[in-house]
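Here is how the chains run, residue by residue.
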Amino acid sequence: MHAYRASRAFDGERLLPGGALVLVDGDRIAGVESASFPAPAGCAVTDLPDATLLPGFIDAHVHLCADSSLRALDQLADLTDAELDAVVAASMAAQLAAGVTAVRDLGDARWAVADRHRGRGGGPTVVAAGPPLTTPGGHCSGMGGEAAGVEGLRRAVRERVEHRVDVVKIMTSGGVMTIGTDVLAMQFTVDEIRAVVRDAHAAGLPVTGHAHNVAAVEACVAAGVDGIEHCTCLTGAGIAMPARLAESIAAAGITVCPTLGKVPDLDPPPRVQALMEQVGITDEARLAQVGELLRAGVTLISGADSGINPAKRHGILPEAVIHLTSAGVAPAAALVSATSAAAAAIGLGGRTGRLAPGLDADLLAVAGDPLVDITAVRDVRLVVSRGREVVLAPGR
């Protein structure tokens, strides 16, 4: 048994008065006591002075097969299985170094993550979607998830059931990172999306929909998806969420992962910048729209779209948490979005996301107090993944 003691602790839902002494036995949390509680006889203790102890973070939108380069998604079809495996291993290591102990992979290439890396002992816990469902030649078609028509989509859902995925992802609109697709256009009809939801739910699987334009977001709501990725609400004249759309999302109990966050002071790739200018996307408009979702009562979870380009590199999840506060989310709620709320939304609520006995021993310690200064989440001092301490690079 090992104990971790901190005078400040946030358990994934609330601040723990008096800090915490977290007891770890193997890969599980054995107990959570006040920081003043004496450790059991013979139990080694790691003291974390001037740090805040949290559950390990969860990045709810990653692409482990993407290497954070300018061609991260474009090159997938050209990589060998061995090359893909090496990229996934490096991606997982970068996530752990940032304090991310669980990820939801929503952009697998040729089943590499779902089939070969999900149960890997040395990396973060992985929730896997397999290749996302997309139209022939559509957004992220290079990942291998092309399907057409209701019957084609139903076959694709059955294929994912056979691969024992944890969630089904469908690209309901075009995307920024795939040349030739249109973020303002729908890729599937409401009936097609509804067929995916019906068959996935019958198999016990949730469905999350990538959606950038307003029509795609509305289609996701009408089809009964469980989550919406991005939820940008683009129109031909920029970001504009129709009246009552946010309320409809909240009423349906749909969780939104707005995929905020990027490397500070690093501009997006030129083609992404050009598209943002073309469709009228600005940081100010995006944050205002996320604020509308928040005020309507929509559950927001943190995910960074990690790996798709240099500005969205793996390990950038802390910036997504920080970015949420710029949209009006309180620091405590931003922490919840990357811990307990994210765990519940991606199917890990009974395993991680909180400091609680019986859950996975996923711990994160950051210097300072993120409830006072949310940027403290950048300063990682300790990461424990399922009971194993992660070796951090010097200077972390």
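Please read all numbers here as calculations on a predicted model, not as lab measurements.

> Sorry, what's going on with the overall build of the chain here?
From N to C terminus, the chain includes 11 helices and 17 strands. With the C-alpha coordinates of the chain rotated into their principal frame, the extents come out at 65 × 40 × 40 Å. For the chain, with 396 residues in total, the buried portion stands at 57%. For the chain, the share of sequence-separated contacts (at least 6 apart) that also reach a separation of at least 24 residues comes to 70%.

> Would you explain the layout of surface pockets in this entry?
It is the rolling of a water-molecule-sized probe over the atoms that shows where space remains empty. Taken as a whole, the largest pocket holds about 770 Å³ of empty space. Forming the boundary of the largest pocket are 38 residues, of which Thr 259, Leu 260, Gly 261, Met 276 and Lys 312 lie nearest the centre. Within the residue set of the lining of the largest pocket, elements represented by two or more residues are β10 (168–171), β11 (207–213), β12 (227–235), α7 (270–279), α8 (283–295) and α9 (317–326). For the lining of the largest pocket, the element with the highest residue contribution is α9, accounting for 4 residues. The residue inventory of the lining of the largest pocket, partitioned by class, reads 17 nonpolar, 13 polar and 8 charged.

> Got a minute to help me understand the sheet that holds strand β9 (residues 125–128) in this structure?
The strand order across the open sheet formed by 3 strands is β7-β8-β9, and the pairing between neighbours is parallel. With one partner strand each, in any of the chains shown, β7 (57–62) and β9 form the two edges of the open sheet. Between one strand axis and the next, the sheet turns through 15° on average, direction left out of account. Two elements, strand β8 (residues 100–105) and β9, share 4 bridges in a ladder whose sense is parallel.

> Explain the side chain of Thr 135 to me, please; I cannot follow it from the model alone.
Turning to its location among the elements, Thr 135 is positioned in the loop between β9 and α3 (149–162). Judged by relative accessible area, which is 17%, Thr 135 ranks as buried. When near neighbours in sequence (up to four residues on either side) are disregarded, Thr 135 contacts Ser 141, Glu 146, Ala 147, Gln 187 and Phe 188.

> Even after reading the chapter, I still don't get the packing of helix α4 (residues 190–202) against helix α5 (residues 214–223), so can you show me in this structure?
Where α4 meets α5, the closest approach of the two axes is 9 Å, and the angle between their N-to-C directions is 45°. Classified by the angle between their axes, α4 and α5 sit oblique to one another. As α4 packs across α5, the resulting crossing turns out to be right-handed. Contacts between α4 and α5 pair Val 190, Ile 193, Arg 194 and Val 197 from the former with Ala 219, Ala 222 and Ala 223 from the latter. Looking at the contact of α4 with α5 residue by residue, the class counts come to 6 nonpolar, no polar and 1 charged.

> Any chance you could explain the pattern of salt bridges here in plain terms?
Between side chains of opposite charge, a pair can form as their charged atoms come close. Throughout the structure, instances matching the rule amount to 16 salt bridges. In this structure, Glu 159 engages Arg 160 in a salt bridge whose closest nitrogen and oxygen atoms are separated by 3.4 Å. On the accessibility criterion, Glu 159 (33% relative accessible area) is partly exposed. Ionic pairing is found between Glu 319 and Arg 378, a salt bridge with its closest N-O pair at 2.7 Å. Here Arg 378 lies in the loop between β15 (363–367) and β16 (380–385) and Glu 319 lies in helix α9, a separation of 59 residues in the sequence. Judged by relative accessible area, Glu 319 falls into the buried class, the value being 12%. One continuous salt-bridge network, built from bridges that share partners, spans Asp 27, Arg 28, Arg 351 and Asp 360.

> Help me out: how do you make sense of the environment of Val 62 in this one?
Considering the arrangement of structural elements, one finds Val 62 in strand β7. On the basis of relative accessibility, which here comes to 0%, the residue Val 62 falls in the buried class. Along the primary structure Val 62 and Gly 307 are separated by 245 residues, whereas in three dimensions their C-alpha atoms are 6.6 Å apart. The residues touching Val 62, leaving out its near neighbours within four places in the chain, are Gln 95, Val 103, Arg 104, Asp 105, Leu 106, Gly 107 and Ser 306.

Parameters and conventions
Residues numbered from 1 in each chain as written. Predicted model: local features only at pLDDT ≥ 70, side-chain atom pairs only at ≥ 80, totals over all residues. Heavy atoms only, no water. Helix = DSSP H or I, 4+ residues; strand = E, 2+ residues; numbered from the N terminus. Buried < 20%, exposed > 50% of the residue type's maximum accessible area, 1.4 Å probe, protein only. Contact = heavy atoms within 4.5 Å. 1 Å grid on protein atoms, 1.4 Å probe; cavity = no way out; pocket = protein on both sides within 12 Å on 5 of 7 lines; lining within 4 Å. Points joined across faces, edges and corners; volume = space filled by probe spheres on them. Nonpolar A, V, L, I, M, F, W, Y, C, P; charged D, E, K, R; others polar. Pairing = 2+ DSSP bridges. Axes fitted to C-alpha atoms, helices over the stretch in contact; angles between N-to-C directions. Parallel < 35°, antiparallel > 145°, perpendicular 65-115°, else oblique. Left-handed = near helix turned anticlockwise from the far one by under 90°. Salt bridge = Lys/Arg side-chain N within 4 Å of Asp/Glu carboxyl O.

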